[in-house]
Each structure stands twice: as structure tokens, then as C-alpha cells.
Amino acid sequence: MNQPAARGGTNATWALVITGAAGFMAALDNLVVTTALPSIREDLGGKLADLEWTVNAYTLTFAVLLMFGAALGDRFGRRRLFVGGLSVFTAASAAAALAPGINTLIAARAVQGVGAAIMMPLALTLLTAAVPAARRGAALGIFSAVTGIAVAAGPLVGGSLTEHISWEWIFWLNVPIGLLLLPLARTRLKESYAPNARIDIPGTLLISGGLFGIVYALVNANAEGWTSPLVLTGLIAGTLLIAGFVRHGIRRPDSMLPMRLFKDRTFAGINAASLLMFLGMFGSIFLLSQFMQGVAGYSPTEAGLRMLPWTAMPLLVAPFAGILSDRIGGRPVVTAGLALQAVGLALFAMAVEPGVSYAALLPALIVSGIGMALYFAPATSLVMSSVRPAEQGIASGANSALREVGGALGVATLGAVFSARGGYETPQVFVDGTVPALWIGSAVVGLAALTALAMPGRRATGRTTPVRKSAARDTAAGEKREAVAV
């Protein structure tokens, strides 16, 4: 009796170690490149648009293929596809480190995003299947904490490696970890499938083409002109393809993102707020990380350290925000967090100037960090509680994808504002472009706060919605499917 329990515990531990390490790598690569951008531009050349694509090539492919990657794993084997995604991610990291030019680096970053999009959702699925239900919450909490640390440490890790070794090592770092994880994943993780899994190829093609067209147009609008054929084609074709994706989701209940989910005001509201939040936040970090080095004069390591009051604050505040959310509901906590993030970006816009001291920037960093922490803690809970248990996997994937889409759009949009008003010629010219971009970022996050405020409040105890009525039935069905899959 004790032998199987010990073996099960060992399998769960291995699953947590393997999936946690893979999640750390994928999350780290969201922001690790930001503090290396000035060094990359110096070594490989390139214009602002090239720097934007260095970030967006990863976030965009990650976003649009996230749910498709999960569906591939359900259909062809989760462990098999996890190993495949990890292999692609590791090989693309080596290719990025060896890139001889900016275009090669961008291409490698796009392939990295493909690997991460397959690896990340399957990591959560494999971990959930390996851990007993009684310990599943703790395991998922550890996984979330590890990925949170990776996001927070991204600018610091990127800055330290860039300054003390070279920027290539922000990508080389993934290679030995990936090579170590590959044999462990093959031997320590159990294979599983989802019965009757379907792959939504039309939906994937529609959303991928639509988002690429819009981001391409935004990134190149100032260089090519807003009325140039390429930019207009990107905007029009991208909009039409996204409209086609929405129509596809309405007509096909088994699509990768069924539009019926958005009938729930909470689900629609928190996803819209998440997209707007990441649009304002990622676009601002893209510019501020360069401001810290190019204008404020900090080294890459110093810039990463000085960003920690913003990026690492969720690790300190999020537990208290979670407790507060349990007591008063998620909507007011999320709304307050988004409002503080908007205020923080406005404080940045008022403070940045050539020769600014770190003390003058510190209030903006702290307020933004607290705002981010208050948003993150209850946002996932709001997403998951707004849908039936059988649809929570789709809902979680949709929210993660929309966040990444928001990040890509943020870098493109605020980068376009920066390019129209400023440049890299002098510190003052850089500030001239950064300030209006930050004001727009603040306004966008402020709109996210208003969107969150419009969500329904906590339902009164004892009330039952259609979602809650079917919860027990869907939970039972989900447990049957999970038993078959495992």
C-alpha cells in the first residue's frame, strides 16, 4: 500500500520540477530581452521597428498558437507534444544566440514563441494529471509562483547577462536547461490524451493572419506611412480576418474560442480588461527599459535592478490581494489594481526627462507594481469562476492568449507613437517620444479599470446562475474525461 503512494508522490514531484522549469523559461523570455535591446541594437543594428519585432515575434506567435498547441497535445499526446515544444524552444534559443543579424534574430524569436505556445499549456495539463487532487492546488500555486518570479526577474536577468557576459547569453541560458529537461520529460512524465479532441485549423489561420496583419501595420506605419499600400492592406486584411474569426467562433461551438463564452459579462469584462492592461503595460516597459539605459545612464544590470519595484511587487503583494479578493470579491480588487497601474504610468509620464534621478522615478515604480499585483491575484479567479468547469481550460487559454496579444499590440502601438514624436538621436528626442506614449498607455489602462468596474459584482449567497446550475453535471463529465485521458 505504501509503495504506490510513494511512487505517485515521486511522479508528482518530477512533474512539478519538469513543468516548473519549462514554465520558468517560457515566462522569462517575455521580458528578458527588454534590458538587452540597446546592446542588441548596437551589435546587430536595426531600427525601432526591428526592436519591436524582437519582442513581438515571440509574444505574437506565443499568443495565437497557445490554444492550438493545447489542442495538438490533446489529439496526439500531451507528453509527446510537450517534448516537441520544448525541443523547438531550445533549438530556437540557440539559433537566437547565434543570430548574425537582426532579421535572423527576429525569425528565431518567432520560432521560440511557437515552441512556448506548445509547451506552456501542456505543462499545466501534465502537472494537473500527475498531482493528486488533494495536493493539486498547492502544486499549481508553486507553478504560478515560479512563472511569476520569471516575469519579475526577466529585466534583471537580461541586464546582468548582457552587462557581464553578452546579450547572446539571455538565449544561451535556455539551452542547457532544455537539454536537461528533454530526457527527464520523456522518462518521468506520463502520456495522456483527450478523447474526441479536435483541432481548429481554420480558426488558427484566421486569428494568426488577422493579428499579424494589424501588428505589422502598426509597427511599420510611421516608416512606410499610414496610407501606404502595405500598411492599409495589413490593417484592412487583419480586421477582416479577425471578424472572420469571431464569426467562426459564433457558428462553430467546437471552435478554439467559442464566442458564447463572451455572453457572460464577467468573462467578457475581465478579458477585455486584461488585453488593455497588457497593451499599456508591455508597451510602457518596452520604452522605459530603454529609457533607463539610454537616457538615465544606468548599466543593463542597474536598469534591471531599478525595475524590480515594479516587476517584483506582485510577489510581495499578491498573497494579500488574494485574501482581500476572497473577502470583498475580485471586481473591486482588479479595478483598484488597474487604476493604480494607470496612475503609475501617468507618474512616469510626468517624471521622465534627461537627468532625472531614480528617487523621482521610484513613486511611479512602486505604484505601478502595487497595481500590477492587485490585478494579477484575482484576475485568473474571475476568469475561471465565470465559466462552467468543463470550459475552464478553454477560458484559461483564451485569457492567456489575449494577454499576450495585448502585449504585442502595446509594443506596436506605443512604439508607433514614440516613432512619430521622437527617436534615438539624443536623450531629449527620446523623451519627446516616450512621454506621449506613456500618457496613451496610462489612458488605455485607465480604460481597462473602467471596463473592470462595469463587470457584475459578487453574486449574493444562495443565488444560482445558469453557469452554477450546470456546474455539478460538467464537473462529473470532466472527471470522467480526465480519468479516460490519464
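Residues numbered from 1 in each chain as written. Predicted model: local features only at pLDDT ≥ 70, side-chain atom pairs only at ≥ 80, totals over all residues. Heavy atoms only, no water.

Participant: Is there a simple way to think about the overall build of the protein chain in this case?
Facilitator: Within the protein chain one finds 20 helices and zero strands. Relative to its full complement of 486 residues, the protein chain shows a buried share of 53%. Of the contacts formed within the protein chain by residues at least 6 apart in sequence, a portion of 83% connects residues at least 24 apart. With an accessible surface of roughly 19,900 Å², the protein chain has 65% of that area assigned to carbon and sulfur atoms. (Helix = DSSP H or I, 4+ residues; strand = E, 2+ residues; numbered from the N terminus. Buried < 20%, exposed > 50% of the residue type's maximum accessible area, 1.4 Å probe, protein only. Contact = heavy atoms within 4.5 Å. Areas by Shrake-Rupley, 256 points an atom, 1.4 Å probe, with all protein chains shown as cover.)

Participant: Is there a simple way to explain empty space enclosed by the protein in this structure?
Facilitator: Over the atoms a probe the size of a water molecule is rolled, and this reveals where empty space is left. Applying the stated criterion across every chain, the model contains one cavity of 30 Å³ or more. Its boundaries defined by the atoms lining it, the largest cavity holds a volume of some 30 Å³. Forming the boundary of the largest cavity are L31, T34, V55, F282, I285, F286 and V411. Ranked by the residues each element gives to the lining of the largest cavity, the list is headed by helix α11 (residues 265-294), at three residues. When its residues are assigned to classes, the lining of the largest cavity shows six nonpolar, one polar and no charged. (1 Å grid on protein atoms, 1.4 Å probe; cavity = no way out; pocket = protein on both sides within 12 Å on 5 of 7 lines; lining within 4 Å. Points joined across faces, edges and corners; volume = space filled by probe spheres on them. Nonpolar A, V, L, I, M, F, W, Y, C, P; charged D, E, K, R; others polar.)

Participant: Help me out: how do you make sense of the packing of helix α4 (residues 78-97) against helix α5 (residues 102-130) in this one?
Facilitator: Between two packed helices, what matters for the description is the angle formed by their axes and the separation of those axes. Closest axis-to-axis distance for the α4/α5 pair is 7 Å, and the angle between their directions is 155 degrees. In terms of their interaxial angle, α4 and α5 are classed as roughly antiparallel. Between α4 and α5 the crossing geometry is left-handed. Facing α4, whose interface residues are R78, R79, L81, F82, G85, L86, V88, F89, A92, S93, A95 and A96, α5 presents L105, A108, V111, Q112, G115, A116, I118, M119, L122, A123, T125 and L126. (Axes fitted to C-alpha atoms, helices over the stretch in contact; angles between N-to-C directions. Parallel < 35°, antiparallel > 145°, perpendicular 65-115°, else oblique. Left-handed = near helix turned anticlockwise from the far one by under 90°.)

Participant: Is there a simple way to explain the packing of aromatic side chains in this structure?
Facilitator: Each aromatic ring pair is described using two quantities: the centre-to-centre distance and the angle formed by the ring planes. As enumerated under the stated definition, the model contains seven aromatic pairs in all. Aromatic pair W53 and F212: ring centres 5.9 Å apart, planes at 35 degrees, arrangement tilted. Here W53, found in helix α3 (residues 48-76), pairs with F212, found in helix α9 (residues 201-224); they are 159 residues apart in sequence, far enough to count as distant. On the numbers, 5.8 Å between centres and 55 degrees between planes, the contact of Y58 with F62 is tilted. Residue Y58 and its partner F62 are both found in helix α3; the two are separated by four residues, about one turn of the helix. Sitting over the face of the ring of F76, R75 holds its NZ or CZ atom 5.1 Å from the ring centroid. Across the ring face of Y358, the terminal group of R306 is positioned such that the distance to the ring centre comes to 5.4 Å. (Phe/Tyr/Trp six-rings, centres within 6.5 Å; stacked < 30°, edge-to-face > 60°. Lys NZ or Arg CZ within 6 Å of the ring centre and 35° of its normal.)

Participant: Mind showing me how you'd approach the side chain of T59 here?
Facilitator: Within the secondary structure, T59 is located in helix α3. Excluding residues that lie within four positions of it along the chain, T59 makes contacts with N30, F282, E404 and A408.

Participant: What is the right way to look at the nonpolar core in this model?
Facilitator: Across soluble globular proteins, nonpolar side chains show a tendency to be buried alongside one another. Counting residues in hydrophobic clusters, the biggest one holds 137 residues, and the most contacted among them are F82, L105, W310, L338 and F348. Not counting residues within four places of it along the chain, the set of residues in contact with L105 comprises I40, L44, T54, A96, A99, W167 and F171. V317, A321, A373 and L374 belong to the second-largest nonpolar core, a separate cluster that totals six residues. (Core = buried A, V, L, I, M, F, W, Y, C linked by side-chain atoms within 4.5 Å.)

Participant: Can you walk me through helix α10 (residues 229-251) in this structure?
Facilitator: Residues three or four positions apart in an α-helix share a direction because the helix packs 3.6 residues into each turn. With 23 residues, α10 extends 32 Å from end C-alpha to end C-alpha; this agrees with the ideal 33 Å at 1.5 Å per step. Among the residues making up α10, those that are buried are V231, G234, G238, F245, H248 and G249. (Expected span 1.5 Å × (residues − 1).)

Participant: Any chance you could explain the packing of α11 against helix α18 (residues 427-453) here in plain terms?
Facilitator: Look at α11 against α18: their axes get within 8 Å of each other, and the N-to-C directions meet at 160 degrees. One finds that α11 runs roughly antiparallel with respect to α18. Crossing of α11 against α18: the hand is left-handed. Of the residues assigned to the contact of α11 with α18, the class counts are 18 nonpolar, seven polar and no charged.

Participant: Sorry if this is basic, but what is going on with a nonpolar patch on the surface here?
Facilitator: A contiguous nonpolar surface patch, about 280 Å² in accessible area, is contributed by I149, L315 and L316. Mapped onto the elements of the fold, L315 is located in helix α14 (residues 313-328). Residue class for L315 comes out partly exposed when judged on its relative accessible area of 39%. (Patch = residues over 30% accessible without salt bridge, like charges linked within 9 Å, V, L, I, M, F, W, Y side chains within 5 Å. Salt bridge = Lys/Arg side-chain N within 4 Å of Asp/Glu carboxyl O.)

Participant: Sorry, what's going on with the environment of G213 here?
Facilitator: Mapped onto the secondary structure, G213 falls in helix α9. Along the primary structure G213 and L240 are separated by 27 residues, whereas in three dimensions their C-alpha atoms are 9.9 Å apart. When sequence neighbours within four positions are dropped, the list of residues in contact with G213 reads G234 and L235.

Participant: Teacher, can you tell me more about the environment of F348 here?
Facilitator: With respect to the element layout, F348 can be found in helix α15 (residues 330-351). Along the sequence, F348 and W439 sit 91 residues apart, while their C-alpha atoms lie 8.7 Å from each other. Filtering out sequence-adjacent residues up to four positions away, F348 remains in contact with L288, W310, L361, A364, L365, S368 and L438.

Participant: I keep staring at the confidence of the model for the protein chain and nothing clicks. Help me out?
Facilitator: Do not read the fine detail of predicted coordinates wherever pLDDT is low. Mean pLDDT over the protein chain works out to 80, with 87% of the residues at or above the 70 mark. Taking the mean pLDDT of every element in the protein chain, the minimum, 37, falls on helix α20 (residues 471-485) and the maximum, 93, on α4. For the stretch residues 1-7, pLDDT sits under 50, and the model shows zero contacts to residues farther than four places along the chain or on other chains. A low-confidence stretch, residues 459-486 stays under pLDDT 50, and its non-local contacts, those more than four residues away or across chains, total 27 contacts. (pLDDT = per-residue confidence, 0-100.)

Participant: Explain the environment of V367 to me, please; I cannot follow it from the model alone.
Facilitator: Tracing the chain through its elements places V367 in helix α16 (residues 358-385). Under the relative-accessibility criterion, V367 is labelled partly exposed at 22%. Distance from V367 to L347, taken between C-alpha atoms, is 8.8 Å for residues 20 residues apart in sequence. In contact with V367, other than residues within four places in its own chain, are L340, V343, G344 and L347.

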